[in-house]
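This is what each chain is made of:
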Amino acid sequence: MRVIKDVQTMFKLVSLFSGCGGMDLGFHQYGYNIVFANDIDNDAVKTYRKNLGDIVQKDIKEIHEDEIPDCDVLTAGFPCQPFSSAGNRKGVADERGTLFHECIRIIKKKKPQAVVFENVRGILSIKNDDGNKLIHSIERMMDDVGYYVEYKLVKASDYGVPQNRYRVLIVGLRKDLNKRFVFPKPIKSDKLTLRHTLNNLKPDIPNSEHWKLSPQSQEIVPYIKEGGSWKDIPYDKLPERMKKIRDNIKKYKSPNFYRRYSWDEICGTITAAATPENCGILHPTEDRRYTVREIARIQSFPDDFVFEAGSIAGMYKIIGNAVPPRLAYAIAGQISEILEGKVNVEEEFAEQLAIL
Ligand SMILES: C[S@@+](CC[C@H](N)C(=O)[O-])C[C@H]1O[C@@H](n2cnc3c(N)ncnc32)[C@H](O)[C@@H]1O
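Residues numbered from 1 in each chain as written. Predicted model: local features only at pLDDT ≥ 70, side-chain atom pairs only at ≥ 80, totals over all residues. Heavy atoms only, no water.

Per an unreviewed UniProt entry, the protein carries the name Cytosine-specific methyltransferase and comes from Desulfuribacillus stibiiarsenatis. One UniProt comment on the protein, placed under Catalytic activity (unreviewed entry), says "a 2'-deoxycytidine in DNA + S-adenosyl-L-methionine = a 5-methyl-2'-deoxycytidine in DNA + S-adenosyl-L-homocysteine + H(+)". (UniProt positions renumbered as here; feature names shortened; annotations may be inferred.)

The following block contains the structure:
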C-alpha cells in the first residue's frame, strides 16, 4: 500500500471515535497526517497507541473544540449500537444518538474541507421521533453547517477487503470548494476467499490466540459442515430456543445462525460481539472461532498491526468495530484526488448514473 513520505503533501486528519484505528490506518497508509485522535475505550486506545501513536482518551462531550487542531479532513465513526438492526434500535432516543451532535459542534468550529462518517446499514432506515429518517436529518444538519453530502451503502469486498461487510459511508465536502464527492469505483478481485485470506499464517505471528466457544457451542459446532450452518445440526441436539425457531422457521424468516463459511467463500461480516449464532466467526474446518489474527486479516489489517486489550473478547470487539483499513484507504484516496482536483467528478458521476 502506498504511503506518501513527503510531509508537505499530506492532508491533516482529525479522527473522532477512532476505535483501535481501522479508519485511521487506511488514511495513514494513503499519506494523511493524523493530528488528533480520540476514543473513550481502554482497549481501543491501548491498541491505537501501540500502532498509530497519540490518542486522547476522553468522552467526546468533554473535549472543547479549541483542544482540536485545524485539519483538512475529519472522520467520525460514531457508535453503531443505537442505529444497528442487530442492536436495540432505540436510535436517537438513545442517549448515544446525541453523539452525532458532538460531531456537528466540532465540524462547525473546525470547518474541515471534507468529513467522513461511517455507520451500520440500519442508519438508512431508522426514524427520528418526528417520523423523519435519521439519514435525512444528518444531511440537513450537514447542509446547515455548510456541506454537500453524498452517502452510500458500500460493500467492503468491492474495495479489496476479503469480507462481505455492508456499511454506510457519508461524505461531506465544504460547499465553498464547489465539488461533489463521488464514491470510488468498485475494484474486482478474485483473491478475497478465505483460502487466500488465511494463507501462510505462521503459528508465531502475534495475536494467534482464539476466544473459546461456550460449552453449548462446543457441543453443536462439530455438526456444522464447511460452508454450512445451524441447519446441519440434528434437531435433538439443538438448544430449546433454537428448536422453537426450527419448528416455525418461516415465522422467524429463516435465520442463518451459526454460519460457517467455506474456504472458497468470502467471509461474512465480522461483528464486535463475535457470536457464532449471528456472525460467521467459525473457522471453515476447525471447530473454533477464528483467531484474533485471522479476523484481523478478514478486516484487512496488516500482520504487523498488533492488538492489545484487557481481555480476548475486547480484542474481537475492537476489530469487529473497525472500518476495514483497505476500505478507508479507498475513501482516503478518492477524497485526496478530489481535493487536489485530479478526478473528473462530473464525468465519473455521469458514468455512475448511466449504470443505475
Ligand atoms: C464503531 S467504533 C469506531 C471504529 C473506528 N472508526 C475504527 O475504524 O476502528 C465507535 C467508537 O466510539 C467510541 N465511543 C463511544 N462513545 C464515545 C464517547 N462518548 N466519546 C468518545 N468515544 C466514544 C467507542 O469506544 C468506539 O471505539
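Now that the structure is up, let's keep going.
Asks: Explain the packing of aromatic side chains to me, please; I cannot follow it from the model alone.
Replies: The geometry of an aromatic ring pair is captured by two quantities: the separation of the ring centres and the angle between the planes. Counted according to the given criterion, the structure contains 12 aromatic pairs. On the numbers, 5.7 Å between centres and 40° between planes, the contact of Phe11 with Tyr32 is tilted. One end of the pair, Phe11, is in the segment before β1 (12-16); the other, Tyr32, is in the loop between α1 (22-30) and β2 (33-39), and 21 residues separate them in sequence. Residue Phe11 shares its accessibility class with Tyr32, and that shared class is buried. Between the aromatic rings of Phe27 and Tyr32, the centroid separation amounts to 4.8 Å while the plane-to-plane angle is 80°, which identifies the pairing as edge-to-face. (Phe/Tyr/Trp six-rings, centres within 6.5 Å; stacked < 30°, edge-to-face > 60°. Helix = DSSP H or I, 4+ residues; strand = E, 2+ residues; numbered from the N terminus. Buried < 20%, exposed > 50% of the residue type's maximum accessible area, 1.4 Å probe, protein only.)

Asks: Before we go on, may I ask you to explain the site of the ligand in this structure?
Replies: Around the ligand sit 21 residues, and of these Met23, Asp39, Asp59, Ile60 and Val323 come closest. With respect to the ligand, the backbone of Gly22 contributes an N or O atom lying 3.1 Å from an oxygen atom. Contacts to the ligand include Met23, whose backbone N or O atom sits 2.9 Å from an oxygen atom. In the complex, 90% of the free accessible area of the ligand, which totals 600 Å², lies under the protein chains. Sorting the residues of the shell around the ligand by element identifies α1 and β2 as the ones contributing at least two each. A class-by-class count of the residues in the shell around the ligand yields 10 nonpolar, 7 polar and 4 charged. (Near = heavy atom within 4 Å. Polar contact = N/O pair within 3.5 Å; in protein donor to acceptor, adjacent residues only side chain to side chain. Areas by Shrake-Rupley, 256 points an atom, 1.4 Å probe, with all protein chains shown as cover. Nonpolar A, V, L, I, M, F, W, Y, C, P; charged D, E, K, R; others polar.)

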